Each structure stands twice: as C-alpha cells, then as structure tokens.
Amino acid sequence: LIEPAQVVSRFPVTFLPVALGASRAAPEWLRRRALRWIIGGGSLDTPTGHVSTAVAAGHRTRLPPPGLLSDDQLRGLTTPTLLLIGAESRTHDALRTAERARALLPDVRVEVVPGVGHSLSGQRADLVNARVLDFTASCQE
C-alpha cells in the first residue's frame, strides 16, 4: 500500500473541501491550486503533477473507490503487507494511520517517509522502488 487514501484511515475534514476544488467541475485555476495542495505543494510540471492534473480534468473510474476497512477487516488480513506513507500527506494523518496499521494488521511493515506527501511514489520513486523490491524479496524467502 503506497499512500492509500481512505483505506486504513479516513480523510481529514480539511481534505474534503479541497478535493471538491480539484474536481472536473471546478474552474482550472481552482483545480490546479487544489491539486498543488493535495500533492504537497510545488509545481504541477512534474510527472506526478501531470498525472494528477490529467486525472482531475477528466478521469472517470469504472470501479468504486476503496472503502475504509474496519478493525475486524484489518485484523483478518494475514497477507504480509507493506505500507508506505508520506509524512506530509494531506489525505490522512500519517502517524495515526501508521499507528492503526501497526495495531491491527497482523503482518505489516510500515514506513512514514519524512518530507513528502501524497505523491510519495513520484517524489521518492527511488525509495519506493527499493522498499517494494526488498519487501517482495522477503516474502519469497
């Protein structure tokens, strides 16, 4: 799980109005401003920014978004799990999300990565790739 939104913990109340500003229906200037806030600031002229802009402008999902898992559902997941969270993420409280995962998931590795937000995989692809490769290798042992 890399920066999973609304799976281990709920969106903060401050996230919801900004998410509306990032919707297709919002004017482009507002959508871009909201997206910069969501991905953690900086330029949208990056690979992560381009994907975020394209998604907000016209992406339509065919599947329902994942839902928040209950305590019992998390306890029931016995598959080894890797959870990478950006410390500055605005889609959840990183420390509370990490704490809940550690308390409920039976076999979890959690890392809160300092200095990055929801666009963790774009901002720190090197770290994400290394952690995923290490994790999958350890599962094969």
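This section reports on the structure supplied with the text. Please read these numbers as outputs of a predicted model, since none were measured by experiment.

1. Quick look at the side chain of S89
Inspection of the secondary structure puts S89 in the loop between β1 (81-86) and α5 (94-104). A relative accessible area of 9% places S89 in the buried class. Engagement of the side chain of S89 in a polar contact is seen with the side chain of E3, the distance being 2.6 Å. Sequence-distant contacts of S89, defined by excluding residues within four places in its chain, comprise E3, V116, G117 and H118.

2. A word on the environment of H118
Mapped onto the fold, H118 is located in the loop between β2 (108-113) and α6 (120-123). Among the residues examined, H118 registers a relative accessible area of 26% and is labelled partly exposed. Between the alpha carbons of H118 and V51 there is a distance of 13 Å; along the sequence they are 67 residues apart. With residues up to four places along the chain from it excluded, the contact list for H118 reads E3, A5, I38, I39, S89 and T91. At 3.4 Å, the side chain of H118 and the side chain of T91 are in polar contact.

Calculation rules
- Residues numbered from 1 in each chain as written.
- Predicted model: local features only at pLDDT ≥ 70, side-chain atom pairs only at ≥ 80, totals over all residues.
- Heavy atoms only, no water.
- Helix = DSSP H or I, 4+ residues; strand = E, 2+ residues; numbered from the N terminus.
- Buried < 20%, exposed > 50% of the residue type's maximum accessible area, 1.4 Å probe, protein only.
- Polar contact = N/O pair within 3.5 Å; in protein donor to acceptor, adjacent residues only side chain to side chain.
- Contact = heavy atoms within 4.5 Å.

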